[in-house]
Amino acid sequence: MYAIRTAATAIALALASAPTTVLADDHGVDHAAIKTAVEADYENYLAPLFVHFHENPELSFLENETAARMAQELRDAGVEVTEGVGGTGVVGMLENGEGPLILMRADMDGLPVLEKSGLDYASTATQVGQDGKEYPVMHACGHDVHITSLVGTARRLVEMKDAWSGTIMFIVQPAEERVGGAKAMLEDGLYERFGTPDYALAFHVASVLPTGKVSAAEGIQYSSADSVDIKVPGIGAHGASPHAGRDPVYIASQIVTALQSIVSREVQPLQPAVITVGSFHSGSKHNIISDLAELQLTVRANDEKVRAQLLESIKRIAVNTGKAHGLPDDMPVEVIVSEGTPVTYNDVALAKRLNGVMKRDLGEDSFLEFRQQGMGAEDFSYFVAEDMGVPGYYFAVGGTPQEAFDAAENGGPAVPSHHSPLFKVAPRPSVTLGTRAMIAAVLDLAPKS
């Protein structure tokens, strides 16, 4: 550790006296030297840390070991740490004179997925969830990249205090996959206890983006997401006597079919919207008509009015389909919205500014114009909600080597998507570029005067 820190200090001192290069920013900071320092830190320190996180994922709101390790890593870097914010959340404060307060967030939870990536360090972890059931757990969305990069960013910014001025609020957030962790931290007094940020930053590694590239919207970055549970009651009967009951499987099937009409026939055609039924459970045996069917939906929109329209239409169709099939008034279909997050918007002025910074400091060919390629969602939106008054910038970092895309186009294996058991990213270019991008943003937003 001492040798690594001594080497890092030497690099930091070199930064202060290095001449401006083609990658120097408006404040004379040499980003080529920063790249060298970040790459060296990955080789010497961050690589095994990434493997540790990948091998030891934890479910949402149960990230106890991950949170403890992140707290220790931040402390070791020289950051003042508070644990247990919003459950397992960690807040690290790095003060460095007068200047803006910048929130920098990384999410840390894994998913209940059995890893089949074939990686040497693939997860074999299991964990009992909040529902009491045991699940395989995998970092199937790249949060291990995010927290490793946050450690790398903290380590570099501590070594580069002569190049920036202000305060960094490092957020290690639980339960992004349940879109509940950001809200939980805010409800635990995040901004009241640690200050309301002047800016909020975050990134997500993207399997659909080539390594070496960053991308951010100047406006909407991610869709809203709502988890909807539909409980369809029935009247149980023998499978050979369906007339003696009310079949919830049949009624729920009609609901699933009818829900498809919302996007195709109720939402304005140029407005993006998705309703997906991800789970359908009912019954226990071939010849028994059950007395309950349960559906689980994810609902996505790019507009808050459309979001409200989708949820209202789902309720109308589900409840009235039950009535149409003879469910008595005292046995209504239940529609429950259990988890949700608004649309994630990048502050336009801040995004324009920092997109220019990325092109300048990482290299013009490192930036790709943003194109929304799905309706993924993010609870980072809570940190930058309109009533918070915090301008936010959320960007994507490429995670898949270009060769993998080329191979897929030539008939090779498809690039696995996020949440797939086959999901994998190239950690080194993902972690190092994410780290360099965060440093570039801080140096521009909080320059040494």
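Scroll up for the structure.
Residues numbered from 1 in each chain as written. Predicted model: local features only at pLDDT ≥ 70, side-chain atom pairs only at ≥ 80, totals over all residues. Heavy atoms only, no water.

Visitor: What should I look at first to understand the packing of aromatic side chains in this one?
Guide: To describe a pair of aromatic rings, one takes the distance between the centres and the angle between the planes. As enumerated under the stated definition, the model contains six aromatic pairs in all. Put simply, the rings of Tyr222, Phe380, Phe383 and Tyr394 pair up and form one aromatic cluster. The cationic tip of Arg155 hangs over the ring face of Tyr45; the distance from NZ or CZ to the ring centre is 3.8 Å. (Phe/Tyr/Trp six-rings, centres within 6.5 Å; stacked < 30°, edge-to-face > 60°. Lys NZ or Arg CZ within 6 Å of the ring centre and 35° of its normal.)

Visitor: What exactly am I supposed to notice about the pairing of strand β7 (residues 199-210) here?
Guide: Strand residues, when the strand is regular, have side chains that alternate between the two faces of the sheet. Where burial is concerned, most of β7 is hidden: eleven out of the twelve residues are buried. Taken together, the four bridges between strand β3 (residues 101-107) and β7 define a ladder with parallel strand orientation. Opposite Ile102, over in β7, you have Tyr199 as the bridge partner. Sheet analysis places β7 next to strand β17 (residues 392-400), joined by eight bridges and oriented parallel. Each bridged residue has a counterpart across the sheet, and for Val205 the counterpart in β17 is Val397. (Buried < 20%, exposed > 50% of the residue type's maximum accessible area, 1.4 Å probe, protein only. Helix = DSSP H or I, 4+ residues; strand = E, 2+ residues; numbered from the N terminus. Pairing = 2+ DSSP bridges.)

Visitor: Help me out: how do you make sense of the pattern of salt bridges in this one?
Guide: Proximity of charged atoms lets side chains of opposite charge pair with each other. Within this structure, the stated rule accounts for 20 salt bridges. Measuring nitrogen to oxygen at the nearest pair gives 3.0 Å for the salt bridge that ties Glu83 to Arg75. A salt bridge links Glu369 to Lys359; its shortest N-O distance comes to 3.7 Å. Of this pair, Glu369 sits in the loop between α9 (348-362) and β17 while Lys359 sits in helix α9, and the two are ten residues apart along the sequence. Residue classification places Glu369 among the exposed positions, given a relative accessible area of 58%. Within this structure, Arg105, Asp107, Glu378 and Asp379 form a network of salt bridges that share partners. (Salt bridge = Lys/Arg side-chain N within 4 Å of Asp/Glu carboxyl O.)

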